[in-house]
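Chain residues, written in single-letter form:
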Amino acid sequence: DVKVTQSSRYLVKRTGEKVFLECVQDMDHENMFWYRQDPGLGLRLIYFSYDVKMKEKGDIPEGYSVSREKKERFSLILESASTNQTSMYLCASSLLRYFGSFEETQYFGPGTRLLVL
Amino acid sequence: QQPVQSPQAVILREGEDAVINCSSSKALYSVHWYRQKHGEAPVFLMILLKGGEQKGHEKISASFNEKKQQSSLYLTASQLSYSGTYFCGTDNQAGTALIFGKGTTLSVSS
């Protein structure tokens with residue numbers, strides 16, 4: 001089974017703090033993704049990466065950065081946390097860059113619920 | 001760019017059927033359906049590849065109309081365990097990530 005783990009389930013931070021959210025997958029997947037989930041808005045893509053040291057902006061990258069130094073690990077960084085970044089953050093991974101078969105989908109981690117005070 | 005899901009919410013009794021729709025303004029290569037229970041990660045249900053293919057998974061099946069850029073999820077004889085929020089994720093074969101709809105909340109009661 002694919003396993004995607006996230007470093008924390010719940011996190012409370014202060015405005016202005018630098019926040020690191022870590023994600024690790026154990027299936028040698030090429031692609032990794034960060035989404036945030038807010039009520040009524042669904043899952044919105046922040047950043048994704050299809051290779052080590054590669055990154056692509058998603059729909060809402062402002063206020064975030066990412067790092068992928070190793071294939072299995074993808075970090076989301078909030079440079080200076082703000083209250084409007086309070087949200088559920090979901091990491092996902094997929095085997096290949098293109099979805100071409102029934103096994104090639106995105107697998108999600110359990111999520112990190114971040115509260116910025 | 002975000003696919004549109006309808007309806008936003010469905011309330012059912014056990015044994016009733018439901019259909020959830022997902023439509024996109026862009027050409028699609030595949031559609032992925034997920035179910036998320038409260039406080040948990042989205043769980044993959046099925047993937048539909050272009051070609052108008054219909055797939056089934058227990059009493060949950062789905063279709064994909066590539067021409068209309070739409071997919072529908074069919075839940076028959078619903079069970080309590082079907083409750084949750086259903087998301088469709090769309091892929092336009094651009095080598096990017098799935099883009100998800102806002103979700104449809106399904107509540108099944110006994």
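The structure this text deals with has already been given above.
Heads up: these notes are all about the structure in this document. Starting from 1, residues in each chain are numbered consecutively following that chain's sequence as written. Whichever chain is written first becomes A and whichever ligand is written first becomes 1, with later ones labelled in order. Local features are withheld for residues below a pLDDT of 70 in this predicted model, meaning they are given only at 70 or higher, and side-chain atom pairs are given and counted only at 80 or more; totals for whole chains, interfaces and linings count all residues. Side-chain figures throughout are based on the complete set of non-hydrogen atoms in the structure, without hydrogens or water.

1. Side note on the pairing of strand β3 (residues 18–23) of chain B
One face of the sheet, then the other: side chains in a regular strand alternate in exactly this way.
Residues and elements named next belong to chain B.
Consideration 1: For every residue, the accessible area (1.4 Å probe, protein chains only) is compared with the maximum for its type, and the residue is labelled buried under 20%, exposed over 50%, or partly exposed between those bounds. Counting from the N terminus, the helices are the DSSP runs of H or I reaching at least four residues and the strands are the DSSP runs of E reaching at least two. Only one face of β3 is buried: it carries Ala18, Ile20 and Cys22, and the other face, with Val19, Asn21 and Ser23, is open.
Consideration 2: Two elements, strand β1 (residues 4–6) and β3, share three bridges in a ladder whose sense is antiparallel. Bridging from a neighbouring strand, valine 4 pairs with serine 23 of β3.
Consideration 3: As judged from the six bridges shared by β3 and strand β8 (residues 70–75), these two strands associate in the antiparallel manner. Note on β8: the bridge partner recorded for asparagine 21 is serine 72. Strand pairing follows a simple DSSP-based rule, namely that at least 2 bridges must link the two strands.

2. Some remarks on the nonpolar core
Consideration 1: The definition of a nonpolar core used throughout is a set of buried Ala, Val, Leu, Ile, Met, Phe, Trp, Tyr and Cys residues joined through side-chain atoms within 4.5 Å. The biggest cluster of nonpolar side chains holds 21 residues, and the ones touching the most others in it are B:Trp33, B:Leu73, B:Leu75, B:Tyr86 and B:Leu106.
Consideration 2: Mapped by element, the contributors of at least two residues to this core are β2 (9–13), β3, β4 (30–36), β5 (43–49), β7 (60–65), β8, β9 (84–91) and β11 (104–109) of chain B.
Consideration 3: We call two residues contacting when some pair of their heavy atoms lies within 4.5 Å. Contact partners of B:Leu73, with chain neighbours within four places excluded, come to B:Ala18, B:Val19, B:Ile20, B:Trp33, B:Leu45, B:Met46, B:Ile60, B:Ser61, B:Ala62 and B:Tyr86.
Consideration 4: Counting residues in hydrophobic clusters, the runner-up holds 20 residues, among them A:Cys23, A:Met32, A:Tyr47 and A:Ala81.

3. Brief notes about the state of the cysteines
Residue and element names in this part refer to chain B.
Consideration 1: To count as a disulfide, a pair of cysteine sulfur atoms needs to be within 2.5 Å. Counted by the stated rule, this structure contains two disulfides over all chains.
Consideration 2: Across the disulfide, cysteine 22 is cross-linked to cysteine 88 (sulfur-sulfur distance 2.1 Å). Across the S-S bond of cysteine 22 and cysteine 88 the torsion is about 75°, and the bridge reads as right-handed. Of the two residues, cysteine 22 sits in strand β3 while cysteine 88 sits in strand β9, which places them 66 residues apart along the sequence.

4. A word on the sheet that holds strand β7 (residues 64–70) of chain A
Through backbone hydrogen bonds, the strands of a sheet pair up, either in parallel or in antiparallel fashion.
All names here are of chain A.
Consideration 1: Read from one edge of the open sheet, four strands run β1-β3-β8-β7, paired in antiparallel fashion. Of all the strands in the sheet, the pair left with one neighbour each is β1 (4–6) and β7. Neighbour to neighbour, the strand axes of the sheet diverge by 20° on average, direction disregarded.
Consideration 2: Sheet analysis places β1 next to strand β3 (residues 19–25), joined by three bridges and oriented antiparallel. Residue pairing in the sheet places threonine 5 in a bridge with valine 24 of β3. Where helices are involved, their axes are fitted lines through C-alpha atoms of the stretch in contact, as for all axes, and angles between N-to-C directions lie from 0 to 180°.

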